[in-house]
Amino acid sequence: MGNTLGLAPMGTLPRRTPRREEPLPNPGSFDELHRLCKDVFPAQMEGVKLVINKVLSSHFQVAHTVHMSALGLPGYHLHAAYAGDWQLSPTEVFPTVVGDMDSSGSLNAQVLLLLAERLRAKAVFQTQQAKFLTWQFDGEYRGDDYTATLTLGNPDLIGESVIMVAHFLQSVTQRLVLGGELVYHRRPGEEGAILTLAGKYSAVHWVATLNVGSGGAHASYYHRANEQVQVGVEFEANTRLQDTTFSFGYHLTLPQANMVFRGLVDSNWCVGAVLEKKMPPLPVTLALGAFLNHWRNRFHCGFSITVG
Amino acid sequence: MLMPRDVNREITAGGSIQQSRGIGCPKQSIFFVAGFERRSFPSVLHVGLKERSISLARGPHLYLFLPSPSLLSDVFPAQMEGVKLVINKVLSSHFQVAHTVHMSALGLPGYHLHAAYAGDWQLSPTEVFPTVVGDMDSSGSLNAQVLLLLAERLRAKAVFQTQQAKFLTWQFDGEYRGDDYTATLTLGNPDLIGESVIMVAHFLQSVTQRLVLGGELVYHRRPGEEGAILTLAGKYSAVHWVATLNVGSGGAHASYYHRANEQVQVGVEFEANTRLQDTTFSFGYHLTLPQANMVFRGLVDSNWCVGAVLEKKMPPLPVTLALGAFLNHWRNRFHCGFSITVG
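None of these values were measured; they are calculated from a predicted model.

Describing the layout of surface pockets
Residues and elements named next belong to chain A.
Alright, step 1. Taken as a whole, the second largest pocket holds about 1300 Å³ of empty space.
Alright, step 2. Lining the second largest pocket are 43 residues; nearest its centre among them are Phe30, Asp31, Glu32, His167 and Glu181.
Alright, step 3. If one sorts the elements of the lining of the second largest pocket by residue count, strand β4 (residues 92-102) sits on top with five residues.
Alright, step 4. The residue makeup of the lining of the second largest pocket, split by class, is 13 nonpolar, 18 polar and 12 charged.

Set out below in structure tokens:
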């Protein structure tokens with residue numbers, strides 16, 4: 001008697017490989033989507049800066065910055081950072097308390113706390129001398145392959161104003177991350193919301209990110225050509241300011257020469273570069289930078305020495 | 001190696017004394033021959049005639065034509081602003097060229113070409129004749145100097161300076177070097193049509209091995225106006241220090257240079273101007289660390305200026321990196337810059 005159902009006998013069917021369930025990675029934070037591309041661009045340097053980093057213990061670090069600039073900015077900054085005991089990963093330590101105070105009394109402070117294994121909270125305060133500019137609180141939940149964040153910016157119960165931001169990022173595949181951001185702001189007599197969709201595709205050698213919303217668009221492309229050269233391209237469009245910017249930056253590393261070079265060309269007719277060089281055996285890093293805006297004929301240069 | 005001195009006068013605040021400080025030293029000729037010994041004794045270093053002619057146009061003024069210690073001008077740092085790249089090329093034993101690309105916030109002309117020709121007649125390790133030096137920038141302004149040796153003791157010099165197409169300075173002088181004296185006659189901006197001229201006569205006499213005395217007479221003439229200023233000068237050179245003094249109706253200028261040891265040199269300068277009713281006191285030091293290939297110059301001023309320049313050679317490349325910053329506390333002005341010199 002044969003099979004009545006016409007089914008093949010067991011053991012003869014080609015074994016269907018079980019669906020490989022590789023866990024999707026956590027997409028990280030929404031603010032860090034464009035981070036790789038932004039690290040390629042040089043930072044504007046103006047005037048002379050001396051930075052002295054001191055590690056006081058495994059938990060506490062202090063940095064003194066003396067800055068002399070033609071713009072008359074406050075000359076001295078004290079930066080203190082405390083890192084607690086709970087180490088989630090090599091880069092994340094909780095609780096972290098970071099503060100930066102300058103000689104005019106303005107303070108920038110951040111507190112990062114780990115409330116539970118997947119839940120973290122952050123508070124950011126910014127003052128201009130005695131006046132508070134920013135007080136912001138947010139909570140972030142990191143799931144297996146998604147991240148959800150809720151941020152309260154400048155909540156003011158008396159003035160009835162608040163800015164609320166909600167982020168959601170989901171890893172769709174190993175390489176693709178999709179998500180969105182909703183910004184809701186409220187003031188007495190006015191309220192509005194902006195929705196932005198975001199996507200990020202990470203290949204082996206390159207990463208492309210796109211944010212599109214009613215407030216504008218922001219696209220970035222980061223490419224790692226080889227060990228030494230990284231290239232970043234960024235496009236930003238702002239519907240409110242009716243302004244678009246296109247930037248091209250490159251990052252060149254020469255580890256044997258202890259040198260890092262970052263260059264930038266902009267659609268605003270800006271050209272800039274920063275050269276950083278370590279000076280062994282001293283723990284000193286010298287950075288030379290210059291930026292030239294051809295359109296407005298503005299030029300500024302500066303150098304900085306970092307000790308420690 | 002022939003190199004022009006930095007002429008960043010626009011950076012400094014107004015007032016001629018402050019202006020002159022901004023250049024580093026007004027008594028320094030526009031072109032100096034770096035690496036050549038500048039201490040000739042007795043020597044007359046011609047001042048930048050630019051300042052001379054511009055100031056004299058405003059009235060009688062003390063012109064410090066006299067042996068301002070060239071040693072002292074090496075002690076004070078030069079103001080640096082913006083980014084500068086200097087490429088020196090020696091084309092032959094007679095000809096050198098330097099390209100300078102300067103990016104500054106003040107919008108000064110960006111490119112300078114400096115060419116120097118040195119002839120065959122070598123009077124001493126530092127003096128070669130004839131010497132023709134020219135500096136042209138991207139806006140067409142030219143600074144030129146011609147030095148000739150007419151006879152063994154007689155030398156002539158011509159200096160021209162233009163601002164784009166207009167001549168600012170045309171100066172001719174003749175110098176006679178006797179055994180222990182030097183006499184110089186200079187004609188500045190002689191204008192036969194406009195009937196104006198500036199004539200300067202110098203005389204320096206070595207009185208002893210260490211003491212030099214002399215004087216300067218500046219006569220200027222314009223249609224309807226003429227005047228003369230007499231300045232007396234003295235210079236005393238000891239083993240480790242040099243002191244100079246210029247006194248005249250236009251003001252006074254005293255300077256003291258001290259070589260503390262192989263590494264440290266110190267300079268002190270006092271300047272008083274009767275016309276501008278202004279006095280300035282400057283203190284500068286020069287620190288050399290040959291093992292580190294480093295030279296550091298610092299300056300403190302009575303105009304509440306503090307400045308420093310650090311120069312470092314980077315062997316094995318023929319590259320010199322210079323970092324400089326100047327801060328004027330009184331006027332709250334700060335500028336910094338760095339320059340890279342190749343060759």
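That shown, we press on.
Observations regarding the packing of aromatic side chains
Alright, step 1. Scanning the entire structure with this criterion turns up 18 aromatic pairs over all chains.
Alright, step 2. On the numbers, 5.6 Å between centres and 35° between planes, the contact of tyrosine 201 of chain A with tryptophan 206 of chain A is tilted.
Alright, step 3. On the basis of relative accessible area, tyrosine 201 of chain A is assigned to the partly exposed category, the value being 33%.
Alright, step 4. Classification of tryptophan 206 of chain A by relative accessible area gives partly exposed; the value is 29%.
Alright, step 5. Residues tyrosine 285 of chain B and phenylalanine 296 of chain B carry aromatic rings whose centres are separated by 5.9 Å and whose planes lie at 40° to one another, so their mutual orientation is tilted. Of this pair, tyrosine 285 of chain B sits in strand β17 (residues 278-289) while phenylalanine 296 of chain B is found in strand β18 (residues 294-301), placing the two residues 11 residues apart along the sequence.
Alright, step 6. Judged by its relative accessible area of 31%, tyrosine 285 of chain B is partly exposed.
Alright, step 7. On the basis of relative accessibility, which here comes to 22%, the residue phenylalanine 296 of chain B falls in the partly exposed class.
Alright, step 8. Grouped by ring-pair contacts, the aromatic residues Phe125, Phe132 and Phe137 of chain A constitute a single cluster.

Quick word on the interface of chain A and chain B
Alright, step 1. The interface of chain A with chain B comprises 14 residues on the first partner and 14 residues on the second.
Alright, step 2. Taken together, both faces of the contact between chain A and chain B bury some 1100 Å²; the carbon and sulfur share is 89%.
Alright, step 3. The largest contributions to the chain A side of the interface with chain B come from Leu288, Phe299 and Phe303 of chain A, which together make up 43% of the buried area.
Alright, step 4. On the surface where chain A and chain B come into contact, there are zero salt bridges.
Alright, step 5. The interface formed by chain A and chain B holds zero residue pairs in polar contact (both at pLDDT 80 or more) in total.
Alright, step 6. When residues of the side of chain A that touches chain B are assigned to their parent elements, the largest contribution, five residues, is made by strand β18 (residues 284-293) of chain A.
Alright, step 7. Class assignment for the residues of the side of chain A that touches chain B results in 10 nonpolar, four polar and no charged.

Definitions and cut-offs
- Residues numbered from 1 in each chain as written.
- Chains lettered and ligands numbered in written order.
- Predicted model: local features only at pLDDT ≥ 70, side-chain atom pairs only at ≥ 80, totals over all residues.
- Heavy atoms only, no water.
- 1 Å grid on protein atoms, 1.4 Å probe; cavity = no way out; pocket = protein on both sides within 12 Å on 5 of 7 lines; lining within 4 Å.
- Points joined across faces, edges and corners; volume = space filled by probe spheres on them.
- Helix = DSSP H or I, 4+ residues; strand = E, 2+ residues; numbered from the N terminus.
- Nonpolar A, V, L, I, M, F, W, Y, C, P; charged D, E, K, R; others polar.
- Phe/Tyr/Trp six-rings, centres within 6.5 Å; stacked < 30°, edge-to-face > 60°.
- Buried < 20%, exposed > 50% of the residue type's maximum accessible area, 1.4 Å probe, protein only.
- Contact = heavy atoms within 4.5 Å.
- Buried area = accessible area lost by both parts, 1.4 Å probe.
- Salt bridge = Lys/Arg side-chain N within 4 Å of Asp/Glu carboxyl O.
- Polar contact = N/O pair within 3.5 Å; in protein donor to acceptor, adjacent residues only side chain to side chain.

Shape descriptors only; they carry no functional weight alone.
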